[in-house]
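If you want the building blocks of each chain, they are given just below.
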Amino acid sequence: MRAVDIIDKKKKRQELTKEEIDFLLEGYLAGTIPDYQMSAFLMAVYFNNMTKEELTYFTLKMRNSGDIITFDNLDYYLVDKHSTGGVGDKVTVVLGPILAALGMATAKLSGKGLGHTGGTIDKFESIENFKFSLTKEELVAVAGKTGVGLMGYSDNIVPLDKKIYALRDVTATVDSIPLIASSIMSKKLAIQSNLIILDVKVGDGAFMKTIEDARELSRRMVEIGNSVGRKTIAVLTNMDEPLGYNIGNANEIIEGIEALKGHWSADLKEVVYEIVYLALKHKGEVSTYEEAAKKIDEVIDNGRALELLRQFIELSGGDGEVVNNYELLPMPKSVLEGFSEEEGFVTKIKAEEIGKAAMVIGAGRATKEDEVDHAVGIELKKKVGDKVEKGEVIAEIYFNDEKNVQSSKAMVLDAYVIGKEKIENIKNILEVIE
Ligand code: URA
């Protein structure tokens, strides 16, 4: 078998056999197939796509390139929620404790933020001494007691994805739907769960800018999961403005804690409630959204979800008292206000621009090597649909270092789109694909 013939087949839109996929991926991982041949193959996939059978096999082969984490002693219904990456996305912070309070558990791999999108690891690391589980034994110890288990990605999880992703990055093949689907799903399938819920963000701040692309990516990921017997659902959610009011790290933890005390931003609530509803429905505990919402309200009102977050923080090395005392979190030195230059209604808040504005003051990373300043971030004072007066404060920038704060403010002001008409009935759940 020769790599050149496999590339030629994909170029001619012919379906690859399992043996050909084995040859290509094993050879690439071992270094016997060079980058230039893999690059040509990736570009052929970019233009000619993969069939369901090819994509499923390709994904499993990627998954099998590294460790597969299974739990013998975690007797829970395990829900793995994954976000394709958004701005202000603190869903995991809130969702884990709610699922746990309802008798389910999360045992998932989480990432660090890069570029304009944040990562769950960075948010929790705002809490002094907080350490993510590094091994499955550590994860089981924490999740066994609290129902919340989060672990950082190690180099042994899908090493082939790391190698291929780095190549995609420099060969203009990142934005290929089958390649994104196999990259995400290979990592999801590397850890045991009963249900995978994919929160596919759609809009300005998301990987998928249009509903059509988001739908296609969702369909392909759901197809992969379900064809290997892992129940998978995709929820398409709005990212035409950041989620909630805060973008950063410590400030997102505070917003997450506040949500667990019943003080929600409407959009965050809609997304979290929908995901919990889908989890309860698939576990067989509810048949309607209303039943699910009642159960969620109960664990918020009786403090059970918040208590599980407190315990999760304690068992992870942090001070659980942070849920009552936000001064335990790092605080920024100064605040800069951004004022509206016009009167009207907020019609859009360009999420990517806000993510970049947060990144340049240190809340995120421009490169993987950058350090994050957990104290800094942006608070939106107005959301889409809100009325604003000229000269009114629309956002606040929490910063430590003066260096980029003026350009951050300019980006925030530019991100706000003010129009004459009020936008009504903003939908945050766009579609569910299963
Ligand atoms: N996230 C991933 O994990 N992989 C991709 O290819 C794109 C987004």
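Residues numbered from 1 in each chain as written. Predicted model: local features only at pLDDT ≥ 70, side-chain atom pairs only at ≥ 80, totals over all residues. Heavy atoms only, no water.

A.B. asks: Lay out the packing of aromatic side chains with the relevant residues and their values.
C.D. replies: Here the structure, examined in full by the defined rule, presents nine aromatic pairs. Measuring from ring centre to ring centre gives 6.3 Å for Phe 41 and Phe 58, while their planes differ by 25°; the resulting arrangement is stacked. A residue pair is termed long-range when its members are at least 10 positions apart, and Phe 41 in helix 3 (residues 35-48) and Phe 58 in helix 4 (residues 52-63) qualify at 17 residues. Consider the rings of Phe 130 and Phe 132, whose centres lie 5.3 Å apart with planes at 70°: the pair is edge-to-face. The ring of Tyr 28 carries the charged tip of Lys 163 above its face, separated from the ring centre by 4.3 Å. Positioned above the aromatic ring of Tyr 245, the side-chain terminus of Lys 383 is 5.7 Å from the ring centre. (Phe/Tyr/Trp six-rings, centres within 6.5 Å; stacked < 30°, edge-to-face > 60°. Helix = DSSP H or I, 4+ residues; strand = E, 2+ residues; numbered from the N terminus. Lys NZ or Arg CZ within 6 Å of the ring centre and 35° of its normal.)

A.B. asks: Please set out empty space enclosed by the protein residue by residue, giving values where relevant.
C.D. replies: Considering all chains together, one arrives at four cavities of 30 Å³ or more under this definition. As for the largest cavity, its lining consists of 16 residues, of which His 116, Thr 117, Gly 118, Ile 247 and Ala 363 are closest to the centre. At the level of secondary structure, the elements contributing two or more residues to the lining of the largest cavity comprise strand 6 (246-248) and helix 15 (351-360). The element best represented in the lining of the largest cavity is helix 15, accounting for three residues. (1 Å grid on protein atoms, 1.4 Å probe; cavity = no way out; pocket = protein on both sides within 12 Å on 5 of 7 lines; lining within 4 Å. Points joined across faces, edges and corners; volume = space filled by probe spheres on them.)

A.B. asks: Now, about helix 16 (residues 405-415): what can you tell me, with residues and values included?
C.D. replies: All of the buried residues along helix 16 are Val 405, Ser 408, Met 411, Val 412, Leu 413 and Ala 415. At its buried positions, helix 16 is contacted by strand 7 (334-339), strand 8 (344-349), helix 15, strand 9 (377-380), strand 11 (393-399) and strand 12 (416-419). (Buried < 20%, exposed > 50% of the residue type's maximum accessible area, 1.4 Å probe, protein only. Contact = heavy atoms within 4.5 Å.)

A.B. asks: Provide a residue-level description of the layout of surface pockets, including the pertinent values.
C.D. replies: Roughly 1700 Å³ of volume is contained in the largest pocket. The wall of the largest pocket is formed by 50 residues, among which Gly 111, Lys 112, Leu 114, Tyr 165 and Lys 187 lie closest to the centre. Going through the elements one at a time, strand 1 (77-83), helix 5 (91-101), strand 2 (104-110), helix 6 (120-124), helix 8 (159-169) and helix 9 (177-188) are the ones with two or more residues in the lining of the largest pocket. At six residues, the largest contribution of residues to the lining of the largest pocket is made by helix 8. Among the residues forming the lining of the largest pocket, the class breakdown is 17 nonpolar, 19 polar and 14 charged. Taken as a whole, the second largest pocket encloses approximately 190 Å³ of empty space. In this structure, the second largest pocket is lined by 13 residues; those nearest its centre are Met 359, Val 360, Ile 361, Gly 362 and Asn 404. In terms of residue class, the lining of the second largest pocket is built from five nonpolar, three polar and five charged. (Nonpolar A, V, L, I, M, F, W, Y, C, P; charged D, E, K, R; others polar.)

A.B. asks: So what about the site of the ligand? Which residues, and what values?
C.D. replies: Every residue lining the ligand is accounted for by Tyr 165, Arg 168, Ile 180, Ser 183, Ile 184, Lys 187 and Phe 207. Between Arg 168 and the ligand, the recorded distance is 2.9 Å, taken from a side-chain N or O atom to an oxygen atom. In the model, an oxygen atom of the ligand is placed 2.5 Å from a nitrogen or oxygen of the Lys 187 side chain. Relative to its free-state accessible area of 230 Å², the ligand is covered by the protein chains to the extent of 85%. Under a 2 Å grid-point criterion requiring more than half of the atoms, the pocket assigned to the ligand is the largest pocket. Counting residues per element, the ones that place at least two in the shell around the ligand are helix 8 and helix 9. Tallied by class, residues from the shell around the ligand come to four nonpolar, one polar and two charged. (Near = heavy atom within 4 Å. Polar contact = N/O pair within 3.5 Å; in protein donor to acceptor, adjacent residues only side chain to side chain. Areas by Shrake-Rupley, 256 points an atom, 1.4 Å probe, with all protein chains shown as cover. Sits in = over half its atoms within 2 Å of the grid points.)

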